[in-house]
Amino acid sequence: MSELTNLGVKAIRDGVTDGSFTAREVAEAFNTAVADAAELNAFIVTTPDHALAAADAADAKRARGEDLGIMGGVPIGMKDLFATKGVQTTAASHILEGFTPEYESTVSQKLWDAGAGMLGKLNLDQFAMGSSNETSYFGNVNSPWRKEGSNAAMSPGGSSGGSSSAVAARIAPAATGTDTGGSIRQPAAFTGICGIKPTYGRCSRWGVVAFASSLDQAGPMARSVEDCAIMLEAMAGFDPKDATSLQMDVPAWEAGLDADLKGKKIGIPKEYRMDGTDEEILKSWEQGKEWLRDAGATIVDVSLPHTKYALPAYYIVAPAEASSNLARYDGVRYGLRDLPDGAGLQDMYAATRAAGFGDEVKRRILIGTYVLSAGFYDAYYTQAQKIRTLVSQDFEKAFAQCDAILAPTTPTASFPLGSLNEDPLTMYLNDVFAVPASLAGLPAMSVPATVNSDGLPLGLQIVGKPFDEQGVLNAGLAIQQRAGFAAQPEKWW
Ligand code: GLN
């Protein structure tokens, strides 16, 4: 049954529906693949019984002639940032270790309602802060990819690195991710898979451990554009429990897929030609333009003049919000409590937070508290908010000239674990192309384009107008059809 693990969302759902195989066979195949892939360290906990129960429910529905739902019979991985009822939810932190929510996040509930089951909770950078999956309390995630001729362990990207590693290694057909400043797109690019961050507000944040609330968005990660469209449809929708949730119907993205881009204009932002961007990435960007032209689009030059300020602004706004969101982890309400002998309440707070948060999380809290403090607020936080507005206005102006923007997803391919840890700024630079769309709340997707001379995947990014996930998916589909990306990591785990 091992070939079942080569199937994606659509193939599994359609195969279960037409009786080519049972959902139980699929769940068993993936449960076995997950159990055999412990070396990837992609999962923090596995939930084989959840996957089997959902599979049995799908098979029973089929036997009764009922509709299976758009994710019917598909077992998925769930980033461990989504609260799952009765299943430990940690955000890959020690401070939440042992926390078992009494409630289910809206997004995960929607996926179960659409017929999906859960293989387990996926590892990530702690509190989704990181670009390499090296900040998890539960250890690094390994990418299934390696450079040709090398055994060095590679980064699956971050923060959704458990998700990218599992989907690329075919131990899950798809997984949830979250993207605050690139955490769906960068890991997707590093591992040769697709991932879309929808417009801010499309997917409910209710029950998702908060990092930076004005930026956090959930989205799907899968091996094809079609699979992303299906899964996003299941995840999205208005939720009265999230005050920033969009009151809009969910479009039929799967049915609307169309790779014919005749009449569409694709913008190429000149400011994304940055120093330090890998030559092979620039080459694949050129190739991407050709593919979109071939699909019928017109390529136009656009300008996003405030691009270079986006990353510094993000590293003020995101830590500011994080420092406030993470104030709730005090040893009283969730997970860890460190109560030294004879300690009072304040000592308990301090000891719990000192023991419970990792170094990167502490760095963010310190930066965030600093930029929000009286005397520095105007110099940093207010300025960053102004830049955020300017970045949004750049996109508005560009979208007067084009329908979508094509750019690289990342400035480099994946890197060996441990190689970028000297200086946090080097790591932060990974998201230089991803962060502007996050600040502007725009839908953005990474699609695999090619492999570089080391045999590592490179991704192309499409950024769309607000609410135009369909346009992003369609441009992604046009690239997918022309790229014919078929490379797979060689199994070493
Ligand atoms: N890598 C970025 C950061 O560390 C983005 C993370 C994310 O999108 N969750 O903040």
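In case you missed it, the structure is sitting above this.
Rules used throughout
Residues numbered from 1 in each chain as written. Predicted model: local features only at pLDDT ≥ 70, side-chain atom pairs only at ≥ 80, totals over all residues. Heavy atoms only, no water. Axes fitted to C-alpha atoms, helices over the stretch in contact; angles between N-to-C directions. Helix = DSSP H or I, 4+ residues; strand = E, 2+ residues; numbered from the N terminus. Parallel < 35°, antiparallel > 145°, perpendicular 65-115°, else oblique. Contact = heavy atoms within 4.5 Å. Nonpolar A, V, L, I, M, F, W, Y, C, P; charged D, E, K, R; others polar. Core = buried A, V, L, I, M, F, W, Y, C linked by side-chain atoms within 4.5 Å. Buried < 20%, exposed > 50% of the residue type's maximum accessible area, 1.4 Å probe, protein only. Expected span 1.5 Å × (residues − 1). Polar contact = N/O pair within 3.5 Å; in protein donor to acceptor, adjacent residues only side chain to side chain. Pairing = 2+ DSSP bridges. Near = heavy atom within 4 Å. Salt bridge = Lys/Arg side-chain N within 4 Å of Asp/Glu carboxyl O.

Here we come to the packing of helix α9 (residues 307–325) against helix α11 (residues 359–372). The interhelical angle for the contact between α9 and α11, taken along N-to-C directions, is 100°, at an axis separation of 7 Å. By the criterion of interaxial angle, the relationship of α9 to α11 is roughly perpendicular. Here Tyr315, Ile316, Pro319, Ala320 and Ser323 of α9 lie close against α11, whose contacting residues are Arg364, Ile365, Ile367, Gly368, Thr369, Val371 and Leu372. Taken together, the residues of the contact of α9 with α11 sort by class into eight nonpolar, three polar and one charged.

Let's shift gears to the nonpolar core. The biggest cluster of nonpolar side chains holds 151 residues, and the ones touching the most others in it are Met71, Ile76, Leu111, Phe127, Ile171 and Leu292. The leading source of residues in this core is α9, at 10 residues.

Attention now moves to helix α2 (residues 23–35). Helix length check: α2 (13 residues) gives 18 Å between terminal C-alpha atoms against 18 Å at 1.5 Å per residue, within 8%. Those residues of α2 lying buried are Ala23, Val26, Ala27, Ala29, Phe30, Asn31, Ala33 and Val34.

In this structure, Gln480 sits in helix α15 (residues 469–483). Here the side chain of Gln480 touches Val225 through a polar contact of 2.8 Å, landing on its backbone nitrogen.

The next point concerns the pairing of strand β5 (residues 194–197). Residues Cys194 and Ile196 of β5 are buried on one face, and the alternating residues Gly195 and Lys197, pointing to the opposite face, are buried as well. Here three bridges tie β5 to strand β10 (residues 444–451), and the two strands are oriented antiparallel to one another. Its bridge partner lying in β10, Ile196 is registered against Met445.

Another point: the site of the ligand. Residues in contact with the ligand amount to 15 residues; listed here are only the nearest, Gly181, Ser183, Tyr314, Arg364 and Asp431. Gly181 has a polar backbone atom sitting 2.6 Å from an oxygen atom of the ligand. Between the ligand and Ser183 there is a distance of 2.7 Å, counted from a nitrogen atom to a side-chain nitrogen or oxygen. Of the residues that constitute the shell around the ligand, the class distribution is five nonpolar, seven polar and three charged.

We now examine the packing of helix α4 (residues 106–113) against helix α7 (residues 225–235). Contact pair α4 / α7: the axes reach a minimum separation of 8 Å and the direction vectors enclose 115°. The angle between α4 and α7 falls in the class roughly perpendicular. Every residue of α7 that contacts α4 at Val107, Lys110 and Leu111 is listed here: Met231, Ala234 and Met235. For the contact of α4 with α7, the per-class residue count stands at five nonpolar, no polar and one charged.

The full count for this structure, using the stated rule, is 19 salt bridges. Between Arg13 and Glu254 there is a salt bridge, with the nearest N and O atoms lying 2.9 Å from each other. Of this pair, Arg13 sits in helix α1 (residues 9–17) while Glu254 sits in the loop between α7 and β7 (265–269); the two residues are 241 residues apart in sequence, bridging distant segments of the chain. What makes Glu254 partly exposed here is its relative accessible area of 22%. In this structure, Glu469 engages Arg202 in a salt bridge whose closest nitrogen and oxygen atoms are separated by 3.1 Å.

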